[in-house]
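Geometric and topological summary
Chain by chain, the residues run as shown.
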Amino acid sequence: DGGITQSPKYLFRKEGQNVTLSCEQNLNHDAMYWYRQDPGQGLRLIYYSQIVNDFQKGDIAEGYSVSREKKESFPLTVTSAQKNPTAFYLCASSLSGGAPGELFFGEGSRLTVL
Amino acid sequence: AQSVAQPEDQVNVAEGNPLTVKCTYSVSGNPYLFWYVQYPNRGLQFLLKYITGDNLVKGSYGFEAEFNKSQTSFHLKKPSALVSDSALYFCAVRGTGGGNKLTFGTGTQLKVEL
């Protein structure tokens, strides 16, 4: 079945460590997104990519990095520079361009910093 | 800049009664509007969208939403609530300027009781 796979589902990290969250899609979508979800704050956009080898900062990019070397993959690295990384991270994909298509979401990755 | 407001953190309704979850938006140009639902520790699922045309949009699981341009609102409705509708609901908006960058509201927790 087509969809978006995020891994790991749960991740624990010590302060000062970088961690990478995986996101893979087989929907043949050009665009991919990373959102962060905190209680009472909704979803906030971290990074997005409209096409391979190109990506843009979202509203809260500081302390995060991404790459888009393949159409199917959009990994997110949470660096030690991120001050408050404990959160639920959601990856999504969509058709690109002007078509107002909906986003398809993965099941999320919950990161806890110990 | 585009924004979404969901004025109610929580909505309680008895099973079998109609439900409304409120959403207002601000965006340049014509809006594209979306509703998503999230169950605990899961990703978001698409419910419905308004692009153009009829102001009443029908979506999944018996939900519908009414677009009101003069009030800049896009309230989610269902004629008869089910206990299984209990979840977190997000409204989202994007403008017509290209790309597919959605801005989400803070979410409304719907609780349907017997």
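That block above? That's the structure.
The following paragraphs examine the structure supplied in this document. (Residues numbered from 1 in each chain as written. Chains lettered and ligands numbered in written order. Predicted model: local features only at pLDDT ≥ 70, side-chain atom pairs only at ≥ 80, totals over all residues. Heavy atoms only, no water.)

Some points on the interface of chain B and chain A
Taken together, the 21 residues of chain B in the interface contact 28 residues of chain A. Surface buried jointly by chain B and chain A totals about 1900 Å² across both partners, of which 51% is contributed by carbon and sulfur atoms. Seen at the junction of chain B and chain A, the total is two salt bridges. In this structure, the salt-bridge partner of E102(A) is K49(B), at a minimum N-O distance of 3.1 Å. The interface formed by chain B and chain A includes seven residue pairs in polar contact (both at pLDDT 80 or more). Among the secondary structure elements, those contributing two or more residues to the side of chain B that touches chain A are strand 5 (32–38), strand 6 (44–50) and strand 10 (87–94) of chain B. (Contact = heavy atoms within 4.5 Å. Buried area = accessible area lost by both parts, 1.4 Å probe. Salt bridge = Lys/Arg side-chain N within 4 Å of Asp/Glu carboxyl O. Polar contact = N/O pair within 3.5 Å; in protein donor to acceptor, adjacent residues only side chain to side chain. Helix = DSSP H or I, 4+ residues; strand = E, 2+ residues; numbered from the N terminus.)

A word on the pairing of strand 6 of chain B
Residues and elements named next belong to chain B. Relative to strand 6, strand 5 runs antiparallel, the two sharing six bridges. What sits directly across from F34, in strand 6, is K49. Linking two consecutive strands that pair antiparallel, namely strand 5 and strand 6, is a turn of five residues; a positive phi of about 55 degrees is found at N41 within it. (Pairing = 2+ DSSP bridges.)

A short note on the environment of T79(A)
All names here are of chain A. In this structure, T79 sits in the loop between strand 8 (76–78) and strand 9 (87–94). Given the relative accessible area of 17%, T79 is considered buried. Counting along the chain gives 31 residues from T79 to Y48, while the straight-line C-alpha distance between them is 17 Å. Contacts of T79, omitting those with residues within four sequence positions, involve R13, N18, G63, Y64 and S65. (Buried < 20%, exposed > 50% of the residue type's maximum accessible area, 1.4 Å probe, protein only.)

Thoughts on the state of the cysteines
Residues and elements named next belong to chain B. What the rule picks out here adds up to two disulfides over all chains. One disulfide in the model links C23 with C91; its S-S distance is 2.0 Å. Handedness of the C23-C91 disulfide follows from its S-S torsion of about -65 degrees: it is left-handed. With C23 in the loop between strand 3 (19–21) and strand 4 (24–26) and C91 in strand 10, the pair connects residues that are 68 residues apart, well separated along the chain. Pair check on accessibility: C23 and C91 agree, each one buried. (Disulfide = S-S within 2.5 Å.)

Examining the pairing of strand 6 (residues 54–57) of chain A
Residues and elements named next belong to chain A. The pairing of strand 5 (residues 42–51) with strand 6 spans three bridges and is antiparallel. Residue pairing for strand 6: I51 is matched across the bridge by D54. Counting the residues between successive antiparallel strands, the hairpin from strand 5 to strand 6 contains two residues, one of them, N53, with a positive phi of roughly 65 degrees.

Points about the pattern of salt bridges
With the rule as written, the count across this model stands at nine salt bridges over all chains. D38(A) is the partner of R44(A) in a salt bridge, and the nearest nitrogen-oxygen pair spans 2.8 Å. According to the relative accessible area criterion, R44(A) is partly exposed, its value standing at 25%. Under the relative-accessibility criterion, D38(A) is labelled buried at 10%. Here R42(B) makes a salt bridge to E107(A), at a shortest N to O gap of 2.2 Å. One end of the pair, R42(B), is in the loop between strand 5 and strand 6; the other, E107(A), is in the loop between strand 10 (104–105) and strand 11 (109–113), on a second chain. Overall, the relative accessible area of 33% leaves E107(A) in the partly exposed class. Taken together, the shared-partner salt bridges connect R36(A), D38(A) and R44(A) into one network.

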